[in-house]
Amino acid sequence: MTRQFITLTVNGDTYEVAVAPNQALIEVIRDELGLTGTKRGCTSGSCGVCTVNGDAGEAVLSCLTLAVEWDGRSITTIEGLGRDGKLDVLQQAFWDLGAVQCGFCTPGLIMSAKALLNENPRADAEAINEALAGTLCRCTGHIKVKQAVAKAVAALAEAENAVGAQD
């Protein structure tokens, strides 16, 4: 099968990658770029563990998305959330509350929650439930996961209030 070169920015780094026309984005992320935080689950878009964030901050199922569709665009994977050795507010909340069991689905859950907070940083319980509904976890039952996302929402609101008080 003929491969073509695409330019893809992942976590702020730009790559030129040769891809097959039918190659899924997850294959490029994991197999070509070596970023194995994004997990391969059902490969049919049913489990959500392959979720990454697109250039607009939206949730993207990388198993259903062709890599060629992302030519000239950017994505963020779980590896791209933390900055300067510091965890993202969601990663920190998951850590603090022990919102993981085996950890397989955790990257997909965090990236789904990140997409929600990108769109709605003041998300309520209903919005959190809806955003996480597409990512399956057989270990945690989502209770601590939902608590972690709510904790991240509170942390973001507190940070926003602190900045507003300084102005």
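Residues numbered from 1 in each chain as written. Predicted model: local features only at pLDDT ≥ 70, side-chain atom pairs only at ≥ 80, totals over all residues. Heavy atoms only, no water.

Draft legend 1. Quick peek at the nonpolar core. Of all hydrophobic cores here, the largest spans 25 residues; its most connected members are Leu 90, Phe 94, Leu 109, Leu 117, Ala 123, Leu 132 and Val 149. Counting residues per element, the ones that place at least two in this core are helix H2 (89-97), helix H3 (106-119), helix H4 (125-132) and helix H5 (143-166). With 6 residues, H3 is the single largest residue contributor to this core. Look past the residues within four positions of Leu 90 in its chain and what remains in contact with it is Ile 110, Ala 113, Lys 114, Leu 117, Val 149 and Ala 152. With 15 residues, the next largest nonpolar core counts Val 17, Ile 29, Leu 35 and Val 52 among its residues. (Core = buried A, V, L, I, M, F, W, Y, C linked by side-chain atoms within 4.5 Å. Buried < 20%, exposed > 50% of the residue type's maximum accessible area, 1.4 Å probe, protein only. Helix = DSSP H or I, 4+ residues; strand = E, 2+ residues; numbered from the N terminus. Contact = heavy atoms within 4.5 Å.)

Draft legend 2. Expanded view of the pairing of strand E1 (residues 4-10). Where E1 lies against strand E2 (residues 13-19), 7 bridges are found, and the strand directions are antiparallel. Of the residues in E2, the one forming a bridge with Phe 5 is Ala 18. Connecting the antiparallel pair E1 and E2 is a turn made up of 2 residues, with Asn 11 showing a positive phi of about 55°. Pairing geometry for E1 and strand E5 (residues 73-75), over 3 bridges, is parallel. Bridge pairing in E5 links Thr 9 to Ser 74. (Pairing = 2+ DSSP bridges.)

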